[in-house]
Amino acid sequence: MPPAVETKALTRVFHPKKKKEGKSVTALAGVDLRIEQGELFGMLGPNGAGKTTLLKILSTLLLPTSGKAYVAGFDVETQFQAVRKRINMVSGGEISGYGLLTVKENLWMFTQFYGMKSQLALQRIDEMLDQFGLADKKDEKVRALSTGQRQKMNVIRGFVTDPEIIFLDEPTLGLDVNASRTIREYIVDWVGKRKDRTVLLTTHYMAEADQLCGRIAIIDDGRILACDTPENLKKMVKTSTMLKLDTTHLENKQGLSSIRGVEKFTFTDNPENNMTSLRFVLEDEAAVSDIVSSVIAGGAKILGLRKTEPTLEDVFIKLVGKGFE
Amino acid sequence: MAVTNDLRTFKNAAWLGWQMEANWTDPFLFATYSIVRPIAGTLILVFMYLVITNGETETAFFSYMYVGNAFYMFVAEVLFGVTWVIHDDREHFMTLKQVYIAPIKFYVYVFGRSAIKIAIVSIGVLITLAFGVFVLGVQVGSGGVDVPLFVLSLLLGLSMLLVMGLAMGGLTFLTAKHEGGINEGVAGVFYVLSGVIFPITVLPHWVQGISMALPVTYWMEAIRRGLMPDAMSEIAKGTGLEGLSNLELVGALLLSAFAFLVLSVAVFKYADKVARRKGKIDWTSAY
Ligand SMILES: Nc1ncnc2c1ncn2[C@@H]1O[C@H](COP(=O)(O)OP(=O)(O)O)[C@@H](O)[C@H]1O
Ligand SMILES: [Mg+2]
């Protein structure tokens, strides 16, 4: 059984339209990835990391610059027809759809492009609209839907054809809590019930990756920095101590990184309430007292200090040396 | 199996096309768009003809021009129509990528979407012809209608136009906003060089050589010979193609259409590949 997805030194470079307009961007820089059939796999990375580019290549929309990508064992570059039969893709945050068709018509048309039997398609569309709380929108024109409803419709469009492998590009981007939860629960349920189906989703929500995915690849700047189960990833920072520190506005933060025992730290200044939030990954808990002294010496007051459980964000900070947003 | 799939793709795409075309909230607007507009365009031409020739509409040459103009509507509409399908799906509905990655032949989808446009233009062409025959005395049917010649060349011509439209649609993969430039250029070339409203014999000799390579030239001639054999044999100066028998004419149409088909398929495949390489399939001008 070939892996659901396999890439070998996959690289994608975007060239500017005109030579003068800036430099080339390397969106993917030699990505090696192997996702087995039946996995719910997450690509976690900040904006611009290369997630969408990877999914476009895997779904045959875009060609690699170099390297190879296989989906269900087929080369996306040359055997794209075989790939297309086995996949579907949904991109979050976009409001696509034929506005003048009804929701049901729009979904039905796509099922026909995937060769589904009419009756099965209609039945499954009804079921899924129900599950996504869109049953009452079935006969409404797509253009009358809210952004969130359109996005749910597109998620249905992706799953309704029962693809072997589905690519979900930030499926909950910009959605409210309820809509996000509906979609997340559906995804987990879908792979859970079908052992031979594979989901590859991208997200820049750490909690989403942590909660949904069996394995996660952390991607930044076109490179995969780590790839493992959420638990194992968090073990990477287990020997470290995570510290959250809120202070009044702290002007000078340079000194903090040279304190012994500080592995990495990030901060955000909040000018609204004149506060600074810092987050440390510490090799040695003893550093805490030095940090506190340094902050006070810097003229700021400590508002809160606490040790935290390691999260994927800490893993990311440890790997990249910067926070997420 | 594959044929069943293509038929299903075609059927659904045609259905979608119909939903879009018939989606005019106002039937009056729909009628205006698909019927009144082509006739108005024709009337402008008729008027110019009358002013310039100070003349008669019941001549063989007027019929030549009138019929050519009517059938040229197919050329313009099909070439633009196919391009618009791709443009609309990409920029307006943002569904192009969803259709593109579906396990269908993309061109079958595009042809299906365009089929309805052809049907609507056909109504316009029919009404224009009827208006010409009954009001202006255009000599369609004089000397009978050569039905096999007409039907055969009509089908051949429409298929050829669809494939050329696909090639130009492929090129719009690569262009930014809707740049009608290529289409207008190509449609314009056919208008001037293919004997649409005047015989190619009025063109300089070397330009006629280009005309003879264009399938639309043979198509126009074949359509006219099919619809009004008498008027065509009456045109004194000839059309530049009078040396060809009907069979030779259809042969020339087939041959040139085939050459254009091969060319168009190559252009489309190339454009498709470049579009995938450059990431243009889901490109929108907002990016
Ligand atoms: N079509 C394109 N042309 C030029 N640069 C692009 C294009 N698509 C993506 N990029 C660049 O490639 C990098 C990765 O983008 P993307 O894959 O969209 O990241 P993500 O989905 O993780 O936010 C970014 O720097 C982005 O600006
Ligand atoms: Mg993205």
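Residues numbered from 1 in each chain as written. Chains lettered and ligands numbered in written order. Predicted model: local features only at pLDDT ≥ 70, side-chain atom pairs only at ≥ 80, totals over all residues. Heavy atoms only, no water.

## Some details on the domain arrangement of chain A
The domains assigned to chain A are domain 1 (5-231) and domain 2 (239-309). For domain 1 of chain A and domain 2 of chain A, the distance between their C-alpha centres works out to 38 Å. (Domains from an automatic or database assignment.)

## Comments concerning the packing of helix α9 (residues 215-227) of chain B against helix α11 (residues 246-278) of chain B
All names here are of chain B. Between α9 and α11, the shortest axis-to-axis distance is 8 Å and the interhelical angle comes to 145 degrees. Handedness of the crossing formed by α9 with α11: left-handed. Listed contacts from α11 to Pro215, Tyr218, Trp219, Glu221, Ala222 and Arg225 of α9 are Asn246, Leu249, Ala252, Leu253, Ser256, Ala257 and Phe260. Residues of the contact of α9 with α11, tallied by class, amount to nine nonpolar, two polar and two charged. (Axes fitted to C-alpha atoms, helices over the stretch in contact; angles between N-to-C directions. Helix = DSSP H or I, 4+ residues; strand = E, 2+ residues; numbered from the N terminus. Left-handed = near helix turned anticlockwise from the far one by under 90°. Contact = heavy atoms within 4.5 Å. Nonpolar A, V, L, I, M, F, W, Y, C, P; charged D, E, K, R; others polar.)

## With respect to the interface of chain B and chain A
With 30 residues of chain B in contact, the opposing surface of chain A contributes 36 residues. For the chain B and chain A pair, buried surface summed over both sides reaches about 3,000 Å², with 61% attributable to carbon and sulfur atoms. When the buried area of chain B at its contact with chain A is split by residue, Gln98(B), Ile101(B) and Arg276(B) rank highest and sum to 26% of it. At the junction of chain B with chain A, the criterion picks out one salt bridge. Close ionic contact of Lys56(A) with Asp282(B) constitutes a salt bridge, the shortest N to O distance being 3.1 Å. (Buried area = accessible area lost by both parts, 1.4 Å probe. Salt bridge = Lys/Arg side-chain N within 4 Å of Asp/Glu carboxyl O.)

## Comments concerning the sheet that holds strand β14 (residues 302-308) of chain A
All names here are of chain A. Spatially, β12-β13-β11-β14 is the arrangement adopted by the four strands of the open sheet, whose pairing is antiparallel. Single-partner strands in this sheet number two, and they are β12 (262-270) and β14. Within the sheet, the average angular offset between the axes of one strand and its neighbour, ignoring direction, is 15 degrees. Two strands pair when backbone bridges link them, and strand β11 (residues 241-248) and β14 are joined in this way by six bridges, in the antiparallel orientation. Its bridge partner being in β14, Thr247 is matched across the sheet by Ile302. In the packing of helix α9 (residues 287-297) onto the sheet, the strands contacted are β11, β12, β13 (275-282) and β14, and the crossing angle to β11 comes to about 15 degrees. (Pairing = 2+ DSSP bridges.)

## Digging into the site of ligand 1
Not every one of the twelve residues close to ligand 1 is listed here, only the nearest: Gly48(A), Gly50(A), Lys51(A), Thr52(A) and Thr53(A). Surrounding ligand 1 is a set of residues that belongs to chains A and B. One of the backbone nitrogen or oxygen atoms of Gly48(A) is found 2.6 Å away from an oxygen atom of ligand 1. The fraction of the free accessible surface of ligand 1 (560 Å²) that becomes covered by protein chains is 72%. When contributions to the shell around ligand 1 are tallied by element, the ones reaching two or more residues are β2 (25-35) and α1 (51-58) of chain A. Tallying contributions element by element places α1(A) first for the shell around ligand 1, with three residues. (Near = heavy atom within 4 Å. Polar contact = N/O pair within 3.5 Å; in protein donor to acceptor, adjacent residues only side chain to side chain. Areas by Shrake-Rupley, 256 points an atom, 1.4 Å probe, with all protein chains shown as cover.)

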